[in-house]
Amino acid sequence: MFMMKYKSIIIATISSLAMLSACSDDDSFSTSSSKILTFSADTISIDTVFSNVPSSTKSFWVYNKSGDGLKCTNIRLERGNQTGFRVNVDGTYLGQTSGYQTNNVEIRNKDSIRVFVEVTTGYTYQDAPKKIADNLIFTLESGTQQKVNLNAWSWDATMLRNVKISKDSTISGSKPIVIYGGLKVDSAATLTLAAGTTIYFHADAAINVYGKLLSQGTALQNVVLRGDRLDNMFDYLPYDFVSGQWKGIHLYSSSYDNEITYTDIHSTENGVVADSSDLKKTKLKLESSTIHNCKGYGLQAINSNVILRNCQITNTLNDCVDIDGGKAEINGCTLAQFYPFDAKRGAALRFSCIKTPLMSMNCINTLVTGYADDVMTGEQKDTTVTFAYAFDHCIIRTPKITTADSLHFTNVIYEDVKDTISTGIKHFVKIDTDNLRYDFNLKSTSSAIGKANPTTAMPLDRNGQKRDDLPDVGAYEYIKQ
């Protein structure tokens, strides 16, 4: 009994000493200049931000791998409130009340803290983006200072909210324009977008047209309509490559004679939606333009009279082009369905007379392709309803038409859907789904080269390049290097 009790006392004593020793190690802080911190990044770059608009949040870790505890007697923003950076160190905000610093931050051996960084820059009063920089300085108890550089590019923009165009107006200029809440064109007004204009739309914004929209880009100076996120979702993925960044263009029933030329519309909910209207009037001329990466439709024309020439309409969750009744002319277009975010993507081209008669749809010199074995759909439920369509000198990824419907197809090349290699990718310079990089210019192996009808082909392609005597099917003419 005595020996058992004696052993218990010895074990308890040893355990207590071990605990005291551990506590002593944890509470030990070195003042040696050789003991320093390790950072997950020595530079935090927040890309380009619009002046006076808060950035997204970035973060980094501060590790203590020195073998002993370290105490930061001071952590501070070197320039204080001069640059607009906002920093939170392990739950402590470095704000005005603290003098943009914090003191006596302990980081035990093999421990770490996390630092969060945002920025809202002031106006730079320059046309080009200006670099903004600061340093977050860590001063250790030894007196050693370590720095993490913070930087961003600040770009002055014209900020507009709930814009209403009630008389004929033009938007132009090299300075970026950011729209919040939307842009409405009244029924008696015409809005002109000048060549070289770029408009950035917030997530809640659309162009709602009750009057007329004229987007007048040129081959060298496209009009660009895009979302306002300039930062990245991931290191390799800008938000600008992600669909659904803004609402797109809506042409209401009262809107006619809209013209969109040399315009890049991308990363929208719907690219362009055209409401039902009088077929005696042209609803939309879409020429030498791009609609790409939409979370809804690329172009949805409902009982409208639309003309599409030299256009690239690609990668949409719903159909790239949906002609729902009405009239349509499609010449020299590339309709390609490689939408990467959902396997249940729509067709590259859908045409129907389900709701209203399809009075005419003529599709010539057009490349219709994509991932699926069949990327084109024609829908007719009631055979008494007009369903008039014709294809000529097109390349289509669909099973070969051998029924009476073949009368609607002349000089058409059907892609061999049994060939798993031939998924439409072979036509184009780049289809990189992993990194969401796409280039729908033709490459030398494409069967579209030289297959268009010289008498009906457009004289110039989407890029403003002259087509040769044997023009190519699709929006782009192959240029020999």
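Whatever comes next refers back to the structure up there.
Reference entry: report on the structure contained in this document.

What counts as what
- Residues numbered from 1 in each chain as written.
- Predicted model: local features only at pLDDT ≥ 70, side-chain atom pairs only at ≥ 80, totals over all residues.
- Heavy atoms only, no water.
- Pairing = 2+ DSSP bridges.
- Helix = DSSP H or I, 4+ residues; strand = E, 2+ residues; numbered from the N terminus.
- Patch = residues over 30% accessible without salt bridge, like charges linked within 9 Å, V, L, I, M, F, W, Y side chains within 5 Å.
- Areas by Shrake-Rupley, 256 points an atom, 1.4 Å probe, with all protein chains shown as cover.
- Salt bridge = Lys/Arg side-chain N within 4 Å of Asp/Glu carboxyl O.
- Buried < 20%, exposed > 50% of the residue type's maximum accessible area, 1.4 Å probe, protein only.
- Phe/Tyr/Trp six-rings, centres within 6.5 Å; stacked < 30°, edge-to-face > 60°.
- Axes fitted to C-alpha atoms, helices over the stretch in contact; angles between N-to-C directions.
- Contact = heavy atoms within 4.5 Å.

### Describing the sheet that holds strand β8 (residues 112-119)
Read across the open sheet, the five strands follow the order β1-β3-β8-β5-β6; overall the sheet is antiparallel. At either margin of the open sheet sits one strand with a lone partner, and together these are β1 (38-39) and β6 (92-93). Two strands pair when backbone bridges link them, and strand β5 (residues 85-89) and β8 are joined in this way by five bridges, in the antiparallel orientation. Looking across to β8, one finds that V87 is bridged to V117.

### Topic: a nonpolar patch on the surface
A contiguous nonpolar patch, built from M233, F234 and Y236 and spanning about 280 Å² of accessible area, is present on the exposed surface. Its location among the elements puts Y236 in the loop between β19 (232-234) and β20 (237-238). Accessibility expressed as a relative area gives 37% for Y236, which makes it partly exposed.

### A few points about the packing of aromatic side chains
Scanning the model with the defined rule gives 24 aromatic pairs in all. Relative to F60, the ring of F39 lies with its centre 6.4 Å away and its plane at 65°, an arrangement referred to as edge-to-face. Placement of the pair is F39 in strand β1 and F60 in strand β3 (residues 58-63), with a sequence separation of 21 residues. An identical accessibility class is assigned to F39 and F60; each is buried. With centroids separated by 4.2 Å and ring planes inclined at 10°, the aromatic side chains of Y210 and Y252 adopt a geometry described as stacked. Taken together, the residues span a long stretch of sequence, with Y210 in the loop between β16 (206-209) and β17 (212-216) and Y252 in the loop between β21 (248-251) and β22 (258-261) at a distance of 42 residues. Cluster of aromatic residues (ring-pair linked, three or more members): F351, F387, Y389, F391, F409 and Y414.

### As for the sheet that holds strand β7 (residues 101-107)
Taken in spatial order, the five strands of this open sheet run β2-β10-β9-β4-β7, and their pairing is mixed. Each having just a single partner strand, β2 (43-50) and β7 make up the two edges of the open sheet. Neighbour to neighbour, the strand axes of the sheet diverge by 20° on average, direction disregarded. Pairing of strand β4 (residues 70-77) with β7, which is carried by six bridges, proceeds in the antiparallel orientation. By the bridge assignment for β7, R76 is matched with Q101.

### Regarding the environment of S352
Among the secondary structure elements, S352 is positioned in strand β31 (residues 349-352). A relative accessible area of 4% means that S352 is categorised as buried. If sequence neighbours within four positions are ignored, S352 has contacts with I323, D324, G325, L358, E379 and F387.

### Topic: unusual backbone geometry
Only a minority of non-glycine residues have a phi that is not negative, and only a minority of peptide bonds are not trans. Although it is not a glycine, N104 sits at a positive phi angle of roughly 55°. In this structure, N104 sits in strand β7. At N411, a position not held by glycine, the phi torsion is positive, near 55°. Within the fold, N411 resides in the loop between β37 (409-410) and β38 (413-414).

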